[in-house]
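Tertiary structure, described
Residue-level listing of the chains:
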Amino acid sequence: MADGLPILDLTGVSKQFELQGQRIEALRDVNLSVRKGEFVCLIGASGCGKSTLLRIVAGFEQATRGRALMWGMPINGPAPDRGMVFQDYGLFPWLTVRGNIAFGPACRGRPTAEIKDSVERFIALVGLQRFADAYPHQLSGGMKQRVAIARVLANDAEIVLMDEPFGALDAMTRERLQDELLDIWQRTGLTVLFVTHSIEEAIFLSDRVIVMSPGPGRIDSQMQISLPRPRDVSEANFNAIRRELSLKLHSPLARKAA
């Protein structure tokens with residue numbers, strides 16, 4: 001790969017849908033580059049196209065116009081190097097924790113011994129050794145989300161796409177999983193593209209926050225977050241960034257209403 005080539009490069013990405021005979025423009029001329037190992041959060045109002053953008057990167061949707069590249073190659077469909085983690089976990093209820101994590105590598109024909117080693121490594125990484133033989137209905141929401149993350153990692157993902165993965169969790173579990181996700185990210189060198197409605201979560205987690213404007217979704221602004229980790233949500237600089245991002249987030253809404 002060329003030196004300095006971004007892992008993800010979106011240029012002029014637009015997306016339109018047909019809904020009940022009407023053409024809906026979900027995204028318009030989105031340009032975004034993400035470097036390898038970067039943690040990027042997308043924030044914006046509901047309906048601004050955050051999830052649609054994530055699905056285009058995942059290969060579940062195709063852009064109507066523009067191009068989406070990974071390592072300079074067109075994204076034409078789903079692939080193991082792009083792993084998706086959803087709010088509703090997406091686990092197979094008939095498989096144990098081990099079975100869910102092993103599913104992707106097994107489908108790709110990996111040797112049994114390699115699959116076993118990989119599964120045990122990622123179970124340990126997300127701290128679920130005691131629950132390796134449990135089924136999803138026996139797990140808490142936080143545990144299910146850890147399994148979902150481990151499943152993506154075991155499938156050799158280079159970039160993890162997370163669509164409000166902690167949105168359905170209680171506040172204490174959410175905070176714990178934020179810390180665990182950062183620990184996994186720092187230890188593995190993953191690239192993360194993370195959708196959230198929470199300004200605080202975006203600042204706490206990311207290297208860079210992308211603010212999207214509402215319908216049709218466009219990148220309104222972005223901010224580099226240079227605060228040292230671990231970050232303190234009560235610290236003055238953290239809250240100054242929160243106020244600035246809140247103004248950026250709500251200014252496109254104000255312009256739209258004007």
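Residues numbered from 1 in each chain as written. Predicted model: local features only at pLDDT ≥ 70, side-chain atom pairs only at ≥ 80, totals over all residues. Heavy atoms only, no water.

1. Points about the packing of helix α3 (residues 112-125) against helix α4 (residues 141-154)
The interhelical angle for the contact between α3 and α4, taken along N-to-C directions, is 140 degrees, at an axis separation of 9 Å. Here α4 runs oblique to α3, going by the angle between their axes. As α3 runs across α4, the sense of the crossing is right-handed. When α3 is examined against α4, the residues S118, F122 and L125 are found in contact with a partner set consisting of A150, L153 and A154. Among the residues forming the contact of α3 with α4, the class breakdown is five nonpolar, one polar and no charged. (Axes fitted to C-alpha atoms, helices over the stretch in contact; angles between N-to-C directions. Helix = DSSP H or I, 4+ residues; strand = E, 2+ residues; numbered from the N terminus. Parallel < 35°, antiparallel > 145°, perpendicular 65-115°, else oblique. Left-handed = near helix turned anticlockwise from the far one by under 90°. Contact = heavy atoms within 4.5 Å. Nonpolar A, V, L, I, M, F, W, Y, C, P; charged D, E, K, R; others polar.)

2. Here's the deal with the nonpolar core
Ranked by internal contacts, the top residues of the largest apolar core, which has 54 residues, are F39, F194 and L245. Apart from residues no more than four positions distant in its own chain, F39 is found in contact with L181, L182, W185, V192, F194, L205, S206, D207 and R208. Membership of the second largest hydrophobic core comes to 27 residues, among which are V34, C48, W71 and M84. (Core = buried A, V, L, I, M, F, W, Y, C linked by side-chain atoms within 4.5 Å. Buried < 20%, exposed > 50% of the residue type's maximum accessible area, 1.4 Å probe, protein only.)

3. Notes on the sheet that holds strand β4 (residues 65-70)
The four strands are arranged β2-β1-β4-β5 in an open sheet whose pairing can be described as antiparallel. Looking at strand neighbours, the two that pair on one side only are β2 (22-34) and β5 (73-74), the edges of this open sheet. Examined bridge by bridge, strand β1 (residues 8-19) and β4 share five bridges and lie antiparallel to one another. Looking across to β4, one finds that L8 is bridged to M70. Sheet strands in contact with helix α1 (residues 50-58) are β1, β2 and β4, and its direction is about 115 degrees off that of β1. (Pairing = 2+ DSSP bridges.)

4. Some points on the pattern of salt bridges
Overall, the coordinates contain 17 salt bridges when judged by the stated rule. Residue R35 is joined to E38 by a salt bridge in which the shortest nitrogen-to-oxygen separation is 3.5 Å. Take R35: its relative accessible area is 48%, and that puts it in the partly exposed class. A relative accessible area of 2% means that E38 is categorised as buried. A single salt-bridge network, built from bridges that share partners, covers R108, R110, E114 and D156. (Salt bridge = Lys/Arg side-chain N within 4 Å of Asp/Glu carboxyl O.)

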